[in-house]
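Tertiary structure, described
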Amino acid sequence: MSLLSRACRPAADVLPAVVAVAVGALLMCTYSVGQWVSMQVPSWDLAIFSELAKAYAHLEAPVVPIKGEGYNLLGDHFHPVLVLLGPVWALWPSPLALLIVQDLLLAVSAWPVTRLAARTVGPWAGGALGLFYVLSWGVQGAVAAQFHEIAFAVPMLAWASVAFVEGRWAACALWAAPLVLVKEDLGLTVLMAGLAIAWRARGEQVRVGRRRLTGTGLGLGLALFGLLSFLLTVAVVLPALSPTGTWEYGLGGNAGDGSTAATAPGGLLARLLSPSVKIATLGVLAMTAGLVGLASPWMTLVLPTLAWRLLSTKEAYWQWEHWHYNAVLMPIALGALLDVLVRLKGGRPWTRAAVPVRWLSVVAVGLPLVLGVVTAPRLALAGMLEEGWGQEPPRAAAARQVLGTVAPGSTVETDLGLLAYLVERAEVYWVGTSSVDTDYVVVDSLSSAWGGNPPTDAAEWAMSTSSSGAVYELVLDVEGYQVARRVEG
């Protein structure tokens, strides 16, 4: 039986959820389109996942030349759920399609969270909490960083969180279990979800299909499934598919990240809390959970993600403002907050809850809302207010000329500048990992890949790095872009 009161009118929780989803989808999609049009390239991830989607669309293994010749991306991270991108690419063969898919997945995750919030603290406060969630620091960071597989995990965690709060243990387990198909480390998140269910549902009977299980048995079974999935993936599947024959990341792994950050001296606690940016991330997360959420067993689901990030030597993993690493924490933190509030109310309607409980609820809900207002100017969507945001850059016409020069179906080696934009028409290699002589070499003199020292002649650079003596000629040189075409070898 759910702890939530059913005193609200049937539609009282629907309108706030519709608003949260619609506002989130509109703003995120607008941001992504503007980012694509203005040719902002935060990393190589979008190009990598676009090549994966293109391979799946052709019913091929997800071999991604950007990572290396013959590189199967399932040996990098385990994300078979991304096979769902194949039909998307078949219908809309553009990296922008992946951005929109991610935006919609993140936006729709606000639906269950907002409805639960509206039933718990009332439509207005619940709606505000839903808007905070869909525009939160973790979600905005993911949108700005462009596509990543975690987009599929966020709605799963959102529905699992709501099911946990409502005491629907079988539904919670069914939403949590597929996380193992999104990324290998999420098997440990499933482990924690199982332990949380085992603790909270102890002494209860749960119907799973035609069978009845104890809540503890269901939770421990889910925990075992998560743990075994994690071990099988990192010990067998990833090494079998990886070109190095190993799991390249490990706990907090940094394969290929080029990190030079020093590990904090001292014991485990010192590594987890130093430097201070780690404390800031933990503090912002605690405020997202309204502080009271820290008392919920559901909050333990953040521990595996925080562990591999904070124990890593890669500085980007520690931050709360940027990248996609925080997105999976958002539904967990909001779920934990609502879990505590629901239990404090004891099934009573919001308007009839005891005065101390109501005041505690006001403070708990107010903390993330204040956090949202204070952090908003520092997050990605605030950039949309800047003059000229989302417009084509001055070199857009030159970029289109470059794309038109590369023959469809050819192979091309390039830097980050046009990496994702070339995927639709060519098989793309990155200058930092390529070991083959491609049909074309495209150089963007402003790309960060060159460290401020780009080649002065793309043809000469291509020939100097060729392993087979291939001959190239410069066929285009316009506004900092150069295109060299292979003519021999």
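Right above here is the structure, for reference.
Residues numbered from 1 in each chain as written. Predicted model: local features only at pLDDT ≥ 70, side-chain atom pairs only at ≥ 80, totals over all residues. Heavy atoms only, no water.

Brief notes about the overall build of the chain
Assigned secondary structure in the chain consists of 19 helices and seven strands. Rg of the C-alpha trace for the chain: 24 Å, near the compact-globule value of 23 Å for 489 residues, within the 12% margin. Seen along its three principal axes, the alpha-carbon backbone of the chain occupies a region of about 80 × 50 × 50 Å. Across the 489 residues in the chain, those meeting the buried criterion constitute 55%. Restricting the contact set of the chain to residue pairs at least 6 apart, pairs at least 24 apart contribute 71%. With an accessible surface of roughly 20100 Å², the chain has 64% of that area assigned to carbon and sulfur atoms. (Helix = DSSP H or I, 4+ residues; strand = E, 2+ residues; numbered from the N terminus. Rg over C-alpha atoms; globule rule 2.2 N^0.38 Å. Buried < 20%, exposed > 50% of the residue type's maximum accessible area, 1.4 Å probe, protein only. Contact = heavy atoms within 4.5 Å. Areas by Shrake-Rupley, 256 points an atom, 1.4 Å probe, with all protein chains shown as cover.)

What about empty space enclosed by the protein?
Inspection of the entire model under this criterion finds two cavities of 30 Å³ or more. Looking at the largest cavity, the residues that line it are His-148, Ile-150, Lys-183, Asp-185, Leu-186, Thr-305, Trp-308, His-324, Tyr-325 and Val-328. For the lining of the largest cavity, the per-class residue count stands at five nonpolar, three polar and two charged. Counted as a void, the second largest cavity has a volume near 50 Å³. (1 Å grid on protein atoms, 1.4 Å probe; cavity = no way out; pocket = protein on both sides within 12 Å on 5 of 7 lines; lining within 4 Å. Points joined across faces, edges and corners; volume = space filled by probe spheres on them. Nonpolar A, V, L, I, M, F, W, Y, C, P; charged D, E, K, R; others polar.)

Points about helix α13 (residues 276-288)
Taking 1.5 Å per residue as the helical rise, α13 with its 13 residues ought to reach 18 Å, and the 19 Å between its terminal C-alpha atoms agrees with that figure. Among all positions of α13, only Lys-278, Thr-281, Val-284, Leu-285, Ala-286 and Thr-288 are buried. Backbone geometry just downstream of α13 places Gly-290 in the positive-phi region, at approximately 65 degrees. (Expected span 1.5 Å × (residues − 1).)

Quick word on the side chain of Thr-305
Within the element layout of this structure, Thr-305 appears in helix α14 (residues 303-310). Contact partners of Thr-305, with chain neighbours within four places excluded, come to Asp-185, Thr-189, Tyr-325, Val-328 and Leu-329.

Things to note about the nonpolar core
Among the nonpolar cores identified, the biggest contains 142 residues, and Leu-82, Leu-85, Tyr-133, Phe-147, Leu-285, Trp-298 and Leu-418 are the most heavily contacted of them. Sort the elements by how many residues they give to this core and helix α15 (residues 329-345) lands first, with 11 residues. (Core = buried A, V, L, I, M, F, W, Y, C linked by side-chain atoms within 4.5 Å.)

Topic: the packing of aromatic side chains
A complete count under the given rule lists 13 aromatic pairs for this structure. An angle of 75 degrees between the planes, with centres 4.9 Å apart, marks the rings of Tyr-317 and Tyr-325 as edge-to-face. Among the aromatic residues, ring-to-ring pairing joins Phe-164, Trp-169 and Trp-298 into one connected group. Here the basic side chain of Arg-202 rests over the ring of Trp-199, its NZ or CZ set 3.9 Å away from the ring centre. Taking NZ or CZ as reference, Lys-278 lies 4.5 Å from the ring centre of Trp-318, over its face. (Phe/Tyr/Trp six-rings, centres within 6.5 Å; stacked < 30°, edge-to-face > 60°. Lys NZ or Arg CZ within 6 Å of the ring centre and 35° of its normal.)

Topic: the pattern of salt bridges
Note that side chains of opposite charge can pair when their charged atoms are close. In this structure the tally under the stated criterion is 12 salt bridges. Of the charged contacts, one joins Arg-168 and Glu-166 as a salt bridge, the two residues approaching to 2.8 Å between their closest N and O atoms. Relative accessible area serves as the criterion here: at 37%, Arg-168 is assigned to the partly exposed category. According to the relative accessible area criterion, Glu-166 is buried, its value standing at 6%. In this structure, Arg-486 and Asp-439 form a salt bridge, with 3.1 Å as the shortest nitrogen-oxygen distance. Taken together, the positions of Arg-486 in strand β7 (residues 481-488) and Asp-439 in the loop between β4 (427-430) and β5 (440-444) put the pair 47 residues apart, joining distant regions of the chain. Residue Arg-486 is classed as partly exposed on the basis of its relative accessible area, which comes to 27%. What you see here is one network of salt bridges that share partners, running through Asp-13, Arg-115, Arg-119, Glu-166 and Arg-168. (Salt bridge = Lys/Arg side-chain N within 4 Å of Asp/Glu carboxyl O.)

Things to note about unusual backbone geometry
Omega for the peptide link from Ser-274 to Pro-275 comes to 5 degrees, which places this bond in the cis form. Within the element layout of this structure, Pro-275 appears in the loop between α12 (268-273) and α13. Phi at Met-39 takes a positive value of approximately 60 degrees, unusual for a residue other than glycine. Checked against the element boundaries, Met-39 lands in the loop between α1 (14-37) and α2 (45-57). Overall, Met-39 belongs to the buried group, its relative accessible area being 18%. The phi angle at Glu-479 is positive, at roughly 50 degrees, despite the residue not being glycine.

What to know about the pairing of strand β3 (residues 411-414)
Neither face of β3 is exposed, since Thr-411 and Glu-413 on one face and Val-412 and Thr-414 on the opposite face are all buried. The pairing of β3 with β4 spans four bridges and is parallel. Bridging from a neighbouring strand, Glu-413 pairs with Tyr-429 of β4. Inspection of the sheet shows β3 paired to β5 by three bridges, in the parallel sense. Residue pairing in the sheet places Glu-413 in a bridge with Val-441 of β5. (Pairing = 2+ DSSP bridges.)

Some thoughts on the sheet that holds β7
Strand order in the open sheet formed by five strands is β4-β3-β5-β7-β6, with mixed pairing between adjacent strands. Every interior strand has two partners, whereas the edge strands, β4 and β6 (471-478), have only one. Sheet twist, expressed as the average angle between the axes of neighbouring strands with direction ignored, equals 25 degrees. As judged from the five bridges shared by β5 and β7, these two strands associate in the antiparallel manner. Of the residues in β7, the one forming a bridge with Tyr-440 is Arg-485. Relative to β6, helix α19 (residues 458-465) is tilted by about 150 degrees, and along the sheet it contacts β3, β5, β6 and β7. (Axes fitted to C-alpha atoms, helices over the stretch in contact; angles between N-to-C directions.)

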